[in-house]
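Here is what each chain is made of, one letter per residue.
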Amino acid sequence: MSHTTPAVNLVWALITVMLGSFLVSHLWSFDRFACLKWNHGPRSGAFKRVMTYSYLTSVPLIIIYAIGFAIIKYHYGFTVIPGMGIIPTPYELWSNLARSAILPLYLCFSLAWGLEMVTHLEELCFWLFLVNSESARQDWFRSPYFKTWAFGSCVAVLYMPLVTIFTRQDPYKCEAYTFLAGSIGSLSLTIWFLPVLWTFPSFLEDLKHSNVEMNTLVRLTKFHELNCIRIVFRFLFTIPFVILGIDGVRPHQHINDKMLPTDLLAMVAGIGCVVSSGITLVIFFPRSIEGEMAKKEQARERRQQSLLSRQGTTHHSNSQNTHLHSHVTVNRIDANYSRTHSRPHHNRTSAYGLPSYDAANGGGDGLHAPSRPMNKETTDDFNLEPDLKHVAPTMTLQPNRRMRDGDVELGTVVDLTDVALERHKMNLKGANVNDLVHNWRSPIDLGGDHTW
């Protein structure tokens, strides 16, 4: 931002440093930086590594860009130009060292923006895949959405730095074209995300009718709300840069020549950039407060047990003889009592230590059995819960049953009643729900190594 005021660059530096601090704090609370390891769990495949390191690389790059320009701008401050008044010192009046830092700082900014578009495009493609999935076994890594993300990511990472390099002769034009190229790409992804947010409530309703677990619905609802908030800040991030970029590439500039609109748009863009990136961090690495509290409680219990064990060892040698003496005395008393009061009784325990049929059923009058055999008229009285994925939908199995007179009624196959059949159809509604819906925790935690 070679033509903005020092205050704008200071705001960018402060909020990006805050973003970096939040990144460190969040990842420490998430899993003590274990997610940064190359091999972290069974799902540490190439896809997860690309998404993790691309996002984590973009944050330090944007911090370097903001702090670098803030240092330069405050070092040179303002100057008086005849006919223009007091303006931020133009780059032409900077030292050679400061001018040589312009291109590297812009490259950091453009590369960070390209990596940011990689994450935005992945989330767009992932949610489109999840909402439009028609099969429970449809694979994300073999879908056209994944291929679209792979191709678009390569384009974003390449074309953003190339735009900066090809326009490096004039820092003002370099800045304008970098803003324009990045903002058009990010704005397009943001607009394409709107249909996903529009159709997501109906998608959640379909999941409710498909008997999806409530925890899954709560998790998806939470991330839907986060995405809605993030979309607002993405517009705040991209629209000001579109305005500054379009005005900057024109021969006569109406906005960039004025300090107030330039600084205002740049500050709004910085706030939108940092907030949307922070929400992306929360979505990519979702914390489980319940899990963290459970881990803390387990660690506290382990510390207490360790303390008690150390204290117990000091008294172990003193109490060993006393405990042995009392144990022998109790054994003698028990032996005398057993010889005095023992008498034969009916063994109601099987050879394997389990209760006999008589004991299990409340007496020796025989076994308790249903008063009538299982048939089509009585199936509604029982809670039929067969494995509906492997049993024919219009029948169920009746097991062998022992009657009161000791005879065994052989099992058979009976037809399901209308009520039981309707229950079966309701349970089968979830067959078209993709497995990622049930197992999903994060848009980047989708599986292990795959062949791309």
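In case you missed it, the structure is sitting above this.
Computed from a predicted model, the values in this text were never measured in an experiment.

Taken as a whole and assessed by the stated rule, the structure comprises four cavities of 30 Å³ or more. Its volume calculated, the largest cavity comes out at about 130 Å³. If you go around the largest cavity, you meet 13 residues; those closest to its centre are Ile-62, Ala-112, Glu-116, Cys-273 and Ser-277. Put simply, the parts of the chain that give the lining of the largest cavity at least two residues each are helix H1 (6-31), helix H2 (46-76), helix H4 (102-132) and helix H8 (259-284). Considered class by class, the residues forming the lining of the largest cavity number nine nonpolar, three polar and one charged.

Looking at the element boundaries, Arg-49 is found in helix H2. With relative accessibility at 14%, the residue Arg-49 sits in the buried group. Polar contacts involving the side chain of Arg-49 include one to the main-chain carbonyl oxygen of Trp-38, which spans 2.8 Å.

Taken as a whole, the second largest pocket holds about 490 Å³ of empty space. What lines the second largest pocket is a set of 24 residues, and nearest its centre among them are His-3, Met-84, Tyr-172, Asn-256 and Asp-257. Broken down by secondary-structure element, the contributors of at least two residues to the lining of the second largest pocket are strand E2 (85-88), helix H6 (171-209), helix H7 (214-249) and H8. Tallying contributions element by element places H6 first for the lining of the second largest pocket, with four residues. Its residues placed into classes, the lining of the second largest pocket shows 10 nonpolar, nine polar and five charged.

Considering all chains together, one arrives at 33 aromatic pairs under this definition. For the pair Trp-38 and Tyr-53, a centre-to-centre distance of 5.9 Å together with 10° between the ring planes defines the contact as stacked. Note that Trp-38 is positioned in the loop between H1 and H2 and Tyr-53 in helix H2, a separation of 15 residues in sequence. For Tyr-53, a relative accessible area of 25% gives the class partly exposed. Where Phe-141 meets Phe-146, the ring centres are 5.3 Å apart and the plane angle is 65°; that geometry is what we call edge-to-face. Here Phe-141 and Phe-146 have matching classes, each one buried. Stacked on the ring of Phe-193, the Lys or Arg Arg-234 has its end atom at 5.9 Å from the ring centre.

With that settled, consider the environment of His-26. Checked against the element boundaries, His-26 lands in helix H1. For His-26, a relative accessible area of 6% puts it in the buried group. Once the C-alpha coordinates of His-26 and Arg-287 are considered, the two residues, 261 residues apart in sequence, prove to be 8.2 Å apart. Setting aside residues up to four positions removed in sequence, His-26 forms contacts with Leu-281, Val-282, Phe-285 and Arg-287.

On to the nonpolar core, then. Counting 82 residues, the largest nonpolar core has Trp-140, Leu-207 and Phe-241 as its most contacted members. If you tally residues by element for this core, the top one is H4, at 17 residues.

Looking now at the packing of H4 against helix H5 (residues 144-166). As a packed pair, H4 and H5 sit with axes 8 Å apart at the nearest point and diverge in direction by 165°. Relative to H5, the element H4 is oriented roughly antiparallel. H5 is crossed by H4, and the crossing has right-handed handedness. Each residue belonging to the contact of H4 with H5 can be placed in one class, and the counts come to 20 nonpolar, seven polar and one charged.

Turning our attention to unusual backbone geometry. Negative phi characterises most residues that are not glycine, and trans characterises most peptide bonds. Phi at Arg-32 is positive, roughly 60°, even though this residue is not glycine. With respect to the helices and strands, the residue Arg-32 is situated in the loop between H1 and H2. Its relative accessible area of 47% is what places Arg-32 among the partly exposed residues. Backbone geometry at Phe-33 places phi at a positive 65°, although glycine is not the residue there. Secondary-structure assignment places Phe-33 in the loop between H1 and H2.

Thresholds applied
- Residues numbered from 1 in each chain as written.
- Predicted model: local features only at pLDDT ≥ 70, side-chain atom pairs only at ≥ 80, totals over all residues.
- Heavy atoms only, no water.
- 1 Å grid on protein atoms, 1.4 Å probe; cavity = no way out; pocket = protein on both sides within 12 Å on 5 of 7 lines; lining within 4 Å.
- Points joined across faces, edges and corners; volume = space filled by probe spheres on them.
- Helix = DSSP H or I, 4+ residues; strand = E, 2+ residues; numbered from the N terminus.
- Nonpolar A, V, L, I, M, F, W, Y, C, P; charged D, E, K, R; others polar.
- Buried < 20%, exposed > 50% of the residue type's maximum accessible area, 1.4 Å probe, protein only.
- Polar contact = N/O pair within 3.5 Å; in protein donor to acceptor, adjacent residues only side chain to side chain.
- Phe/Tyr/Trp six-rings, centres within 6.5 Å; stacked < 30°, edge-to-face > 60°.
- Lys NZ or Arg CZ within 6 Å of the ring centre and 35° of its normal.
- Contact = heavy atoms within 4.5 Å.
- Core = buried A, V, L, I, M, F, W, Y, C linked by side-chain atoms within 4.5 Å.
- Axes fitted to C-alpha atoms, helices over the stretch in contact; angles between N-to-C directions.
- Parallel < 35°, antiparallel > 145°, perpendicular 65-115°, else oblique.
- Left-handed = near helix turned anticlockwise from the far one by under 90°.

Geometric descriptors of this kind do not, in isolation, establish any biological role.
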